[in-house]
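Commentary on secondary and tertiary structure
The chain contents come next:
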Amino acid sequence: AWLVRKVPTAGLSGPERLRTILEDLGGTFIKFGQMLALQPDVLPFAYCNALFDLLDRVAPFGIEKVKQVFIDELGRSPAAIFDKFSDQPIATASIGQVHVAYIDGRKLVVKIQRPEVDTEFMGDIRLMTTALRLIKRLHLSGLYWLIEPISEFVTWTREELDYRHEARYMEQLRQNAAENTRERIPLVFWQYTTQRLLVLEYFDGVTLIDCLRVMETGNPFVKSRLDTMGFDANQFARNIIDNFLGDVFKYGMFHADLHPANLIIMPENMVGYVDFGITGVLS
């Protein structure tokens, strides 16, 4: 009853109602919704399609809060750092949102962390770790299967809240992929990167999630771009698999969050990768 009063869902379909509730709850609930979006074996396609928006279309936070993050982290506003900075984000997710900026004629991506995200996520993490302790202390063997996935989720989420971890992973993965013509990792601009800010080179392509949306909407502009780039769905899929296996077995480090909003279709079916908040490392 409390949730019904808090979240206005009148007139929404079941899938949209679920998406709205998870988005309003925020934090790890959005992460949970992102996971469900990729599970058509668990949810009907209508629900998966509605939850796709949690991958890159979460409600944004305002430009004044964006400026405050810059001042807190770098002591300067975006206008004082970049030649041009877009007030409107091009993508929004559970932990941060992405803006476009220009400096010295170069187009950049600026990833900015949500102002209260650390408080929201740390509260959820405390609940999860308490639940794990209870499962172990009370010897609830039927729930032991939860220990490993929840423990991994907690570890990854803590790392995601500090963009410097992501930047270091990207730098190493970029070196690993230097000779691979199927794989592209953005360059990190360390002088503007902090715990809550991440500045990268911009990839001019089409996200895989927008490609999937074209299949639903038939957007002629995006379809034309894909045709111009010579996009071949089968070849692109093979490149994703080849890149992943190469990263795993040759280097033991790989992108561990390969959902459609994190994969960019580039010319000649090259795969551009973004958002390395969850990166796997093998011993």
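Predicted model, so just to flag it, every value in this text is computed and none were measured.

What counts, and at which threshold
- Residues numbered from 1 in each chain as written.
- Predicted model: local features only at pLDDT ≥ 70, side-chain atom pairs only at ≥ 80, totals over all residues.
- Heavy atoms only, no water.
- Phe/Tyr/Trp six-rings, centres within 6.5 Å; stacked < 30°, edge-to-face > 60°.
- Buried < 20%, exposed > 50% of the residue type's maximum accessible area, 1.4 Å probe, protein only.
- Helix = DSSP H or I, 4+ residues; strand = E, 2+ residues; numbered from the N terminus.
- Lys NZ or Arg CZ within 6 Å of the ring centre and 35° of its normal.
- Salt bridge = Lys/Arg side-chain N within 4 Å of Asp/Glu carboxyl O.
- Core = buried A, V, L, I, M, F, W, Y, C linked by side-chain atoms within 4.5 Å.
- Contact = heavy atoms within 4.5 Å.
- 1 Å grid on protein atoms, 1.4 Å probe; cavity = no way out; pocket = protein on both sides within 12 Å on 5 of 7 lines; lining within 4 Å.
- Points joined across faces, edges and corners; volume = space filled by probe spheres on them.
- Pairing = 2+ DSSP bridges.
- Nonpolar A, V, L, I, M, F, W, Y, C, P; charged D, E, K, R; others polar.

**Structural notes on the packing of aromatic side chains**
All told, the structure shown has six aromatic pairs when counted by the stated rule. Their ring planes at 20° and their centres at 6.0 Å tell us that F82 and F85 sit as a pair that is stacked. Comparing F82 with F85 shows no difference in burial state: the two are buried. Between the aromatic rings of F82 and Y192, the centroid separation amounts to 5.8 Å while the plane-to-plane angle is 55°, which identifies the pairing as tilted. Residue F82 is located in the loop between α7 (78-81) and β1 (84-85), and its partner Y192 is located in the loop between β5 (183-184) and β6 (197-201); the two are separated by 110 residues in the primary sequence. Comparing F82 with Y192, the two get one shared label, buried. The rings of F70, F82, F85 and Y192 are connected pair by pair, giving a single aromatic cluster. Cation over ring: K107 sits above Y202, and NZ or CZ is 4.0 Å from the ring centre.

**As for the pattern of salt bridges**
Counting across every chain of the model gives 15 salt bridges. Here E201 and R184 are joined by a salt bridge, their closest N and O atoms 3.1 Å apart. Here the residue E201 occupies a position in strand β6, and R184 occupies one in strand β5, the gap between them amounting to 17 residues. Between R213 and D210 there is a salt bridge, with its nearest N and O atoms 3.1 Å apart. Of this pair, R213 and D210 both sit in helix α11 (residues 208-217), three residues apart, which is roughly one turn of the helix. Under the relative-accessibility criterion, D210 is labelled partly exposed at 27%. Residues joined by salt bridges that share partners form a network here, namely D53, D56, D210 and R213.

**Quick notes on the nonpolar core**
Counting residues in each nonpolar core, the largest one holds 29 residues, and the members touching the most others are M170, I185, L198, L226 and I265. Elements represented by at least two residues in this core include exactly α8 (117-137), α10 (163-176), β6, α11, α12 (220-228), α13 (233-251), β9 (263-266) and β10 (270-273). Ranked by the residues each element gives to this core, the list is headed by α10, at five residues. With residues up to four places along the chain from it excluded, the contact list for M170 reads I185, P186, V188, L198, L200 and F276. By size, the runner-up hydrophobic cluster in this structure holds 16 residues, among which are F70, F82, F85 and Y192.

**Structural notes on the layout of surface pockets**
Approximately 940 Å³ is the volume attributed to the largest pocket. Lining of the largest pocket is provided by 43 residues; of these, I90, A91, V98, T207 and A261 occupy positions nearest its centre.

**Comments concerning the pairing of β9**
The alternating pattern of β9 places L263 and I265 and I264 and M266 on opposite faces, both of which are buried. The loop that links β9 with its antiparallel partner β10 comprises three residues; one of these, E268, has a positive phi angle of about 60°.

**Looking at the sheet that holds strand β7 (residues 206-207)**
Strand order in the open sheet formed by four strands is β5-β10-β9-β7, and the pairing between neighbours is mixed. Looking at which strands have only one partner, the edges of the open sheet turn out to be β5 and β7.

**Side note on empty space enclosed by the protein**
The full count for this structure, using the stated rule, is one cavity of 30 Å³ or more. Approximately 40 Å³ is the volume found for the largest cavity. Lining the largest cavity, in full, are E183, I240, N243, F244, D247, F254, H255, L258 and Y273. Listing elements by their share of the lining of the largest cavity, those giving two or more residues are α13 and β8 (253-255). The greatest single-element share of the lining of the largest cavity, amounting to four residues, is contributed by α13. Residue composition of the lining of the largest cavity, grouped by class: five nonpolar, two polar and two charged.

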